[in-house]
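Okay, here's what each chain looks like letter by letter:
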Amino acid sequence: MTQINFELRNELVKEIPELLKCFQCGTCVSSCLAERYGKAYSPRRKILMALYGQKDMLAKELWRCLTCNNCNERCPQEVNPYDVLVKLKNFAVKKGLVDETILQPEKTVTETGRSLPLNERVNNQRKELGLNELKEIDELKKLK
Ligand code: SF4
Ligand code: SF4
């Protein structure tokens, strides 16, 4: 059974009062693209977990959203769930609650200029396909 973290719940409701407008009807779920990959990714559930003050949701599931905006269009209660999720993300970042693995792709891009770090395997595959070898991105070298 989920234990409610009232301290975190109260902080979230104070910062994002729209959370309380959600009556958990589930209309947003049926058109959510992220929910197709897992029930925990639905906006309805993320809002519920925020109301339960669940840190795990803020750290991980919250970030699984394809930003399609369908939930905003469908919600009959004008919760604007997608906007709520963005506010929850800002809250999670501000409080340092985001799981490191979620931020890894961003770090890789800023540190290497690529979505995946360059490695020998990639270059071996490219060689087999007759493609040129990938090297460190020149602009990033200048910044180091
Ligand atoms: S914007 Fe809403 S409907 Fe679209 S993936 Fe994100 S949570 Fe789901
Ligand atoms: S966000 Fe809107 S559509 Fe989704 S469960 Fe809550 S009230 Fe229903």
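Residues numbered from 1 in each chain as written. Chains lettered and ligands numbered in written order. Predicted model: local features only at pLDDT ≥ 70, side-chain atom pairs only at ≥ 80, totals over all residues. Heavy atoms only, no water.

Visitor: Hey, could you run me through the overall build of the protein in this one?
Guide: Scanning the protein for helices and strands turns up 8 helices and 0 strands. Counted from the first residue to the last, the protein has its helices and strands arranged as α-α-α-α-α-α-α-α. With the C-alpha coordinates of the protein rotated into their principal frame, the extents come out at 55 × 30 × 30 Å. Buried residues in the protein amount to 35% of all 144 residues. Within the structure as shown, the protein displays about 9,700 Å² of accessible surface, and the carbon and sulfur contribution to it stands at 51%. Of the charged side chains in the protein, 25 are positive and 20 negative; the average position of the first set lies 2 Å away from that of the second. (Helix = DSSP H or I, 4+ residues; strand = E, 2+ residues; numbered from the N terminus. Buried < 20%, exposed > 50% of the residue type's maximum accessible area, 1.4 Å probe, protein only. Areas by Shrake-Rupley, 256 points an atom, 1.4 Å probe, with all protein chains shown as cover. Lys, Arg positive; Asp, Glu negative; His and termini not counted. Charge placed at Lys NZ, Arg CZ, Asp CG, Glu CD.)

Visitor: Looking at this model, I keep getting lost on the site of ligand 1. Mind explaining?
Guide: Looking at ligand 1, the residues that line it are Cys32, Ala34, Pro43, Cys65, Leu66, Thr67, Cys68, Asn69, Asn70, Cys71, Tyr82 and Leu85. Residues of the shell around ligand 1, tallied by class, amount to 9 nonpolar, 3 polar and no charged. (Near = heavy atom within 4 Å. Nonpolar A, V, L, I, M, F, W, Y, C, P; charged D, E, K, R; others polar.)

Visitor: Got a minute to help me understand the packing of helix 1 (residues 6-15) against helix 5 (residues 81-94) in this structure?
Guide: For any two helices packed against each other, one specifies the crossing angle of their axes together with the interaxial distance. At a minimum axis distance of 11 Å, the contact between helix 1 and helix 5 shows a crossing angle of 125 degrees. In this view, helix 1 runs oblique relative to helix 5, as classed from their interaxial angle. Considering only the axes of helix 1 and helix 5, their crossing is right-handed. For the pair formed by helix 1 and helix 5, the contact residues are Leu8, Glu11, Leu12 and Glu15 on the first element and Leu88, Phe91 and Lys94 on the second. Within the contact of helix 1 with helix 5, the residues separate by chemical class into 4 nonpolar, no polar and 3 charged. (Axes fitted to C-alpha atoms, helices over the stretch in contact; angles between N-to-C directions. Parallel < 35°, antiparallel > 145°, perpendicular 65-115°, else oblique. Left-handed = near helix turned anticlockwise from the far one by under 90°. Contact = heavy atoms within 4.5 Å.)

Visitor: For this particular structure, what's the right way to read the environment of Gly113?
Guide: With respect to the helices and strands, the residue Gly113 is situated in the loop between helix 6 (100-112) and helix 7 (120-128). Expressed as a C-alpha distance, the spacing of Gly113 and Leu12, which sit 101 residues apart in the sequence, is 35 Å.

Visitor: Can you walk me through the pattern of salt bridges in this structure?
Guide: Pairing is possible between side chains that carry opposite charge, provided their charged atoms lie close to one another. Summed over all chains, the structure comprises 4 salt bridges. As a salt-bridge pair, Glu11 and Lys95 come within 2.6 Å of each other at their nearest N and O atoms. With Glu11 in helix 1 and Lys95 in the loop between helix 5 and helix 6, this residue pair connects regions lying 84 residues apart in the sequence. By relative accessible area, Lys95 is classed as partly exposed at 43%. (Salt bridge = Lys/Arg side-chain N within 4 Å of Asp/Glu carboxyl O.)

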